[in-house]
Amino acid sequence: MRTPILILLLLFFNDCFSQSVSTVDSTHWFWNWSYDKDSMTQYTQGVEEFSNGKLVRLSTFGNDLRGQPDTLLIVHKYANGKRLSTEEYRGFYNDCIKFHEFAYDSLETLYTGWMDDRVKGYHYSVPCWTTYRANTKWHGDMAIRVAVLYEDSLRKETIDSVRYDAFERPLQIVKYADGIRIYEESCIYQ
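Residues numbered from 1 in each chain as written. Predicted model: local features only at pLDDT ≥ 70, side-chain atom pairs only at ≥ 80, totals over all residues. Heavy atoms only, no water.

J.: When you look at the environment of Ala 177 in this model, what are you seeing that I'm missing?
T.: The topology assignment puts Ala 177 in strand β9 (residues 170-177). Ala 177 sits 30 residues away from Ala 147 along the chain, and the two C-alpha atoms are 9.5 Å apart. When neighbours within four sequence positions are excluded, Ala 177 is seen to be in contact with Lys 156, Glu 157, Thr 158 and Ile 182. (Helix = DSSP H or I, 4+ residues; strand = E, 2+ residues; numbered from the N terminus. Contact = heavy atoms within 4.5 Å.)

J.: How should I be thinking about the sheet that holds strand β2 (residues 39-51) in this particular structure?
T.: Backbone-to-backbone hydrogen bonds join strands into a sheet, with any given pair of strands oriented parallel or antiparallel. Taken in spatial order, the ten strands line up as β1-β2-β3-β4-β5-β6-β7-β8-β9-β10 in an open sheet, and their pairing is antiparallel. Each of the sheet's edge strands pairs with one partner strand only, and the pair in question is β1 (26-36) and β10 (180-186). The sheet shows a mean angle of 15° between the axes of neighbouring strands, direction not considered. (Pairing = 2+ DSSP bridges. Axes fitted to C-alpha atoms, helices over the stretch in contact; angles between N-to-C directions.)

J.: Where do I start with the packing of aromatic side chains in this structure?
T.: Geometry of an aromatic ring pair is reported as the spacing of the ring centres plus the angle between the planes. Applying the stated rule across the entire model yields two aromatic pairs. Measuring from ring centre to ring centre gives 6.3 Å for Trp 29 and Trp 31, while their planes differ by 15°; the resulting arrangement is stacked. With a relative accessible area of 52%, Trp 29 lands in the exposed category. Judged by relative accessible area, which is 45%, Trp 31 ranks as partly exposed. Ring geometry for Tyr 122 versus Tyr 124: centroids 5.9 Å apart, planes at 45°, classification tilted. Note on Tyr 122: relative accessible area 38%, which makes it partly exposed. Seen from the ring of Tyr 189, Arg 169 lies directly overhead, with NZ or CZ sitting 4.2 Å from the centre. The aromatic ring of Tyr 183 is capped on one face by Lys 175, whose charged end is 5.8 Å from the ring centroid. (Phe/Tyr/Trp six-rings, centres within 6.5 Å; stacked < 30°, edge-to-face > 60°. Buried < 20%, exposed > 50% of the residue type's maximum accessible area, 1.4 Å probe, protein only. Lys NZ or Arg CZ within 6 Å of the ring centre and 35° of its normal.)

J.: Looking at this model, I keep getting lost on the layout of surface pockets. Mind explaining?
T.: Using a probe with the size of a water molecule, rolled over the atoms, empty space left in the structure can be pinpointed. As a volume, the largest pocket reaches approximately 370 Å³. Residue lining of the largest pocket: 13 residues in total, with Lys 82, Arg 83, Trp 138, Gly 140 and Glu 168 positioned closest to the centre. Elements with a contribution of two residues or more to the lining of the largest pocket: β5 (82-101) and β6 (121-139). Looking at side-chain class alone, the lining of the largest pocket contains five nonpolar, three polar and five charged residues. Here the second largest pocket is characterised by a volume of approximately 160 Å³. Every residue along the wall of the second largest pocket is listed here: Thr 136, Trp 138, Ala 143, Arg 145, Asp 160, Val 162, Tyr 164, Ile 173 and Lys 175. Of all the secondary structure elements, the ones that give two or more residues to the lining of the second largest pocket are β6, β7 (142-151), β8 (154-164) and β9. When residues of the lining of the second largest pocket are assigned to their parent elements, the largest contribution, three residues, is made by β8. In the lining of the second largest pocket, the residues fall into five nonpolar, one polar and three charged. (1 Å grid on protein atoms, 1.4 Å probe; cavity = no way out; pocket = protein on both sides within 12 Å on 5 of 7 lines; lining within 4 Å. Points joined across faces, edges and corners; volume = space filled by probe spheres on them. Nonpolar A, V, L, I, M, F, W, Y, C, P; charged D, E, K, R; others polar.)

Right under this line is the structure:
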């Protein structure tokens, strides 16, 4: 009785391990679900594409049913087992801060000085669709990511560069936002 169970277990584990490393051209689909008590909170599905036994593309699509991010799409491209590029898209609803300026009568503004301390308006938040798009390219030991965030009518662009050591640990991180260097970090490992 133990021999058939052992053979079934070996076949099961062999099938599980063969999905991550393939020796032929193939495509593998995978799904993940997360639950909180009885309700699903998040799901992810993906595709792995192999050519000549090497991973050439990994695509992931996710949806968070709790709110953020509502959609997620990540695509990694590989050549000879090394990652060449990553494309990333995230879309979600966010609270955007708006400013509403009070309209005062133009005659009131003629009297100089007495209305300088008046309240100009008020801030409020409204839900707005926010998108984040990033494209990362690897050049040897350096990765460069160009990311653009769209939030309502606001557009913000960042450029990050990371240099890695032989163990793929970050050595130097430099970040730019709207053409201005905003962050730099050097890492030393012992």
